[in-house]
Protein chains: 2
Amino acid sequence: MAEASAMGTSGEAMAAADGSSGPAGLSLGRGFSNYRGLVGGQEEAAPEAGLPAGLATEAGPIPTLPALGIGMDSCVIPLRHGGLSLVQTTDFFYPLVEDPYMMGRIACANVLSDLYAMGITECDNMLMLLSVSQSMSEEEREKITPLMIKGFRDAAEEGGTAVTGGQTVVNPWIIIGGVATVVCQPNEFIMPDSAVVGDVLVLTKPLGTQVAVNAHQWLDNPERWNKVKMVVSREEVELAYQEAMFNMATLNRIAAGLMHTFNAHAATDITGFGILGHSQNLAKQQRNEVSFVIHNLPIIAKMAAISKASGRFGLLQGTSAETSGGLLICLPREQAARFCSEIKSSKYGEGHQAWIVGIVEKGNRTARIIDKPRVIEVLPRGATATAFAPDSSNASSESSL
Amino acid sequence: MAEASAMGTSGEAMAAADGSSGPAGLSLGRGFSNYRGLVGGQEEAAPEAGLPAGLATEAGPIPTLPALGIGMDSCVIPLRHGGLSLVQTTDFFYPLVEDPYMMGRIACANVLSDLYAMGITECDNMLMLLSVSQSMSEEEREKITPLMIKGFRDAAEEGGTAVTGGQTVVNPWIIIGGVATVVCQPNEFIMPDSAVVGDVLVLTKPLGTQVAVNAHQWLDNPERWNKVKMVVSREEVELAYQEAMFNMATLNRIAAGLMHTFNAHAATDITGFGILGHSQNLAKQQRNEVSFVIHNLPIIAKMAAISKASGRFGLLQGTSAETSGGLLICLPREQAARFCSEIKSSKYGEGHQAWIVGIVEKGNRTARIIDKPRVIEVLPRGATATAFAPDSSNASSESSL
């Protein structure tokens, strides 16, 4: 399991065959196995290029225990043994921050987050998926790989689990990800399908990670930077990037625990489809005839302005991708404020936040953002309030401390 | 879970940053996140380039139930619930055959094989890991991807399980793999550590898959082909390739079931490190002071000759990589012949084979191949015996039918 499949990593076995010799009737005009040797451009591939729903539509037979297949954050498989369920998730992606250790932490936090969205606070096992870049020098590999692994392991440990296996290959691009698995009793997880009219939606991390990561890259790209420099300073971008990195590396584990304390009815985590996409996904899953309406957008300070100025992302439309974002949780109205105040309490350490962002109303299982949502400008921890000039008219500032 | 992490697949977020703006103290001279945009040569990377042991050395606290961490085929994690164990494995690699459907089957068979090596015949859940090549046209993607997925699913179904989730991204190279998970009672798996002196080693698929796949590619490479054409015909290579593909796509599930019937003491599956590497790995794991000695090498007909003529692979030395190879099983001497005859019985369908390949003797937990092993030339199913000219002096022919 831990070894690389040698025929996979041997360039020899994968060398171009140009397809002319494939078995009759099944060969492709162009060598299929050849697609391990080509690389092209696609610099601006849309998030959706990842074939989001390409894998499956069914989840096999469903006994009396609840089961969840493709589409939500984790799959839930009823087991053959004593009322237990297997809950499992996988995620892998490419580096998006410059710091390999933090990248490892983020990758692990992102995988675990799918369990946390089910209100699960434990993880029985973690596998790591890694590819190191073939274009790195030996020295670079030896410097970067252990840092990524350490970051991943440290986050796993913080999640109360250990990395016991995985697979590593060589690839043109670095890939990091994992597989989180837990076997649960029914009371350990909360199926994401029980929102009722009158519930309130709470979000546990500010939005804007993708904007912050990109803006940070633009610091070295004059053409891109020129388009946004009127609305943001270099220092603000640096601070926003640090804040985004910190948030992405923060586990949603505390929030998962509090879902039980405050009787959550459903939850999801905000990742590649943005807050709107994941809200819509969660709405579809509901048993009751409800819809979600989002009024407030907590956003890392200045990222809304960058999103507008650059004409990219759609952050205010809720479609900007997030990585390892917060949980979006449906809570009974009377519990939501208590949830938000509890998660900020010092007993959970620093850095946990939550905002009421919307409501659950009667509807046909859709989600939307109101026309002019209130933008809550979340100040980076490293910032003083005065360092950040006020932004657009519909924004209100709020320190994250 | 099923969605691609958008920041991962967006070239935008990953665009080169050239490292100059990383956080102080941790940034790298060259942009780390940049390693999702470069590609180099490394045509002849050794199997070991995949950082085989890079991931882990410990497996966390070990209660009374057996636990297995990195190093063997699957990890075994004692669970918090009622004497149950979580057994899990992951594998992913790059295409090595021209037929996308067969590639999907092979990838799934290869993942499941790690469970089968533990004598486990059930699988509770399968996740699929997939990357489609960014250099494919839309048309090629739409043609190839569903075929790979179908092959993978069909093999999963044959293994009695279903694919309930996974992750798909865009990458320079196609990647296919999966994660197999099962929750077991103690009698459902056989820990690979109980070989005793006098046991016999049985192998359930012939060796030579890497040689066959490469030789098949050489049919279109005159320089390479010239080096081996004296020992093999084009037709023999075609038949060997088909045989290899068929064998790689065959599940080791029947063998796993028979491990219980015939009281197996330990097993592993033969993949990237070749029969010698995996035998050594299994020997290290033994509780008794034993060593493994391999006398016989069942090899797809003519592949030994190609290995010799090409000066690559080390097939006769046991170091040639296999993909989705057979199980190597330690059986009590009196059971081994019965195992081999039972697995060929028609009640398990066609195509199952097994050979006695070695013995367990007193020793210091090592494995070796004797000086002049007997090569058993395994004829491809499509071949007639006369079509294959006799090979080297130490080879004996045996039809696989």
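Remember, it's a predicted structure, so these values are computed and weren't measured experimentally.

Quick notes on the rules
Residues numbered from 1 in each chain as written. Chains lettered and ligands numbered in written order. Predicted model: local features only at pLDDT ≥ 70, side-chain atom pairs only at ≥ 80, totals over all residues. Heavy atoms only, no water. Helix = DSSP H or I, 4+ residues; strand = E, 2+ residues; numbered from the N terminus. Buried < 20%, exposed > 50% of the residue type's maximum accessible area, 1.4 Å probe, protein only. Contact = heavy atoms within 4.5 Å. Areas by Shrake-Rupley, 256 points an atom, 1.4 Å probe, with all protein chains shown as cover. 1 Å grid on protein atoms, 1.4 Å probe; cavity = no way out; pocket = protein on both sides within 12 Å on 5 of 7 lines; lining within 4 Å. Points joined across faces, edges and corners; volume = space filled by probe spheres on them. Nonpolar A, V, L, I, M, F, W, Y, C, P; charged D, E, K, R; others polar. Pairing = 2+ DSSP bridges. Axes fitted to C-alpha atoms, helices over the stretch in contact; angles between N-to-C directions. pLDDT = per-residue confidence, 0-100. Phe/Tyr/Trp six-rings, centres within 6.5 Å; stacked < 30°, edge-to-face > 60°. Lys NZ or Arg CZ within 6 Å of the ring centre and 35° of its normal. Salt bridge = Lys/Arg side-chain N within 4 Å of Asp/Glu carboxyl O. Parallel < 35°, antiparallel > 145°, perpendicular 65-115°, else oblique. Left-handed = near helix turned anticlockwise from the far one by under 90°. Disulfide = S-S within 2.5 Å.

1. Describing the overall build of chain A
If you tally the helices and strands in chain A, you get 11 helices and 12 strands. Counting every position in chain A, which comprises 401 residues, the buried fraction comes to 64%. By sequence separation, contacts in chain A at least 24 residues apart represent 79% of the contacts at least 6 residues apart. Looking at chain A as shown, the accessible area adds up to about 13300 Å², and 52% of this sits on carbon and sulfur atoms.

2. Re empty space enclosed by the protein
For the structure shown, the criterion picks out 4 cavities of 30 Å³ or more. Roughly 90 Å³ of internal volume is contained in the largest cavity. Lining the largest cavity are 14 residues, and of these Thr 204, Lys 205, Thr 250, Asn 252 and His 352 of chain A sit closest to its centre. Among the elements that line the lining of the largest cavity, the one with the most residues is helix α8 (residues 253-261) of chain A, at 3 residues. Here the residues of the lining of the largest cavity sort into 5 nonpolar, 7 polar and 2 charged. Its boundaries defined by the atoms lining it, the second largest cavity holds a volume of some 70 Å³. If you trace the second largest cavity, you find it lined by Thr 204, Lys 205, Pro 206, Asn 247, Thr 250, Leu 251, Asn 252, Ala 255, Ile 343, Gly 351, His 352 and Gln 353 of chain B. Residues belonging to the lining of the second largest cavity are distributed by class as follows: 4 nonpolar, 7 polar and 1 charged.

3. Things to note about the sheet that holds strand β5 (residues 175-184) of chain A
Residue and element names in this part refer to chain A. With mixed pairing, the 5 strands of this open sheet are ordered in space as β1-β2-β5-β3-β4. Of all strands in the sheet, those with a lone pairing partner are β1 (75-78) and β4 (163-171), marking the two edges. Geometrically, the sheet is characterised by an average inter-axis angle of 15° between neighbouring strands, direction not taken into account. Note that strand β3 (residues 125-133) and β4 share 8 bridges and pair parallel. Note on β4: the bridge partner recorded for Met 126 is Val 163. Each of β2 (85-93), β3 and β5 is contacted by helix α3 (residues 100-116), which is oriented at about 145° to β2, the strand it contacts most. Running at roughly 160° to β3, helix α4 (residues 138-158) makes contact with β3, β4 and β5 of the sheet.

4. Comments concerning the confidence of the model for chain A
Residue and element names in this part refer to chain A. Residues of chain A with pLDDT of at least 70 account for 78%, and the chain-wide mean is 82. The model gives residues 1-30 a pLDDT under 50, and that stretch makes 119 contacts with residues more than four places away or in other chains. Low pLDDT, under 50, characterises residues 35-63; the stretch is placed with 79 contacts to residues that sit more than four places away or in other chains. Model confidence for the complex: the whole-complex pTM is 0.77, and ipTM, which rates the interface, is 0.71.

5. Comments concerning the packing of aromatic side chains
Scanning the entire structure with this criterion turns up 6 aromatic pairs over all chains. Pairing Tyr 94 of chain A with Trp 173 of chain A gives two aromatic rings, centres 5.0 Å apart and planes at 90°, and the pair type is edge-to-face. Taken as a pair, Tyr 94 of chain A in the loop between β2 and α3 and Trp 173 of chain A in the loop between β4 and β5 lie far apart in primary sequence, 79 residues in all. Residue Tyr 94 of chain A shares its accessibility class with Trp 173 of chain A, and that shared class is buried. Their ring planes at 70° and their centres at 6.0 Å tell us that Phe 262 of chain B and Phe 339 of chain B sit as a pair that is edge-to-face. Here Phe 339 of chain B lies in helix α11 (residues 333-343) and Phe 262 of chain B lies in the loop between α8 (253-261) and β7 (266-269), a separation of 77 residues in the sequence. Pair check on accessibility: Phe 262 of chain B and Phe 339 of chain B agree, each one buried. One Lys or Arg, Arg 234 of chain A, reaches over the ring of Trp 225 of chain A and ends 5.5 Å from the middle of that ring.

6. Some words on the pattern of salt bridges
Here the structure, examined in full by the defined rule, presents 20 salt bridges over all chains. The residue Glu 361 of chain A makes a salt bridge to Arg 368 of chain A at a minimum N-O spacing of 4.0 Å. Exposure remark for Glu 361 of chain A: the relative accessible area of 31% places this residue in the partly exposed category. Taking relative accessible area as the criterion, Arg 368 of chain A reaches 44% and is therefore assigned partly exposed. Across the pair Asp 193 of chain B and Arg 287 of chain B runs a salt bridge whose closest N-O atoms are separated by 3.6 Å. One end of the pair, Asp 193 of chain B, is in the loop between β5 (175-184) and β6 (200-203); the other, Arg 287 of chain B, is in the loop between α9 (274-284) and β8 (290-300), with 94 residues separating them in the sequence. Connected through shared salt-bridge partners, Arg 80 of chain A together with Asp 124 and Glu 188 of chain B make up one network.

7. Comments concerning the packing of α3 of chain A against α4 of chain A
Residue and element names in this part refer to chain A. It is the contact of α3 with α4, at a shortest axis distance of 6 Å, that shows an interaxial angle of 40°. Comparing their axes, α4 and α3 come out oblique. Considering the relative orientation of α3 and α4, their crossing is right-handed. Facing α3, whose interface residues are Pro 100, Tyr 101, Gly 104, Arg 105, Ala 107, Cys 108 and Leu 112, α4 presents Ile 144, Leu 147, Met 148, Lys 150, Gly 151, Phe 152, Asp 154, Ala 155, Ala 156 and Glu 158.

8. A short note on the state of the cysteines
Under the defined criterion, the tally for this structure stands at 0 disulfides over all chains. The cysteine Cys 108 of chain A is free of any disulfide, with Cys 123 of chain A supplying the nearest cysteine sulfur at 7.9 Å.

9. Things to note about helix α10 (residues 303-310) of chain A
All names here are of chain A. Counting buried positions along α10 yields 6 of 8 residues, so the element is predominantly enclosed. By the burial criterion, the buried members of α10 are Met 303, Ala 304, Ala 305, Ile 306, Ser 307 and Ser 310. For α10, the elements touching its buried residues are α5 (209-218), α6 (222-228), α7 (234-249), β8 (290-300) and β11 (367-379). Once α10 ends, the next one or two residues include Gly 311, with phi positive near 70°.

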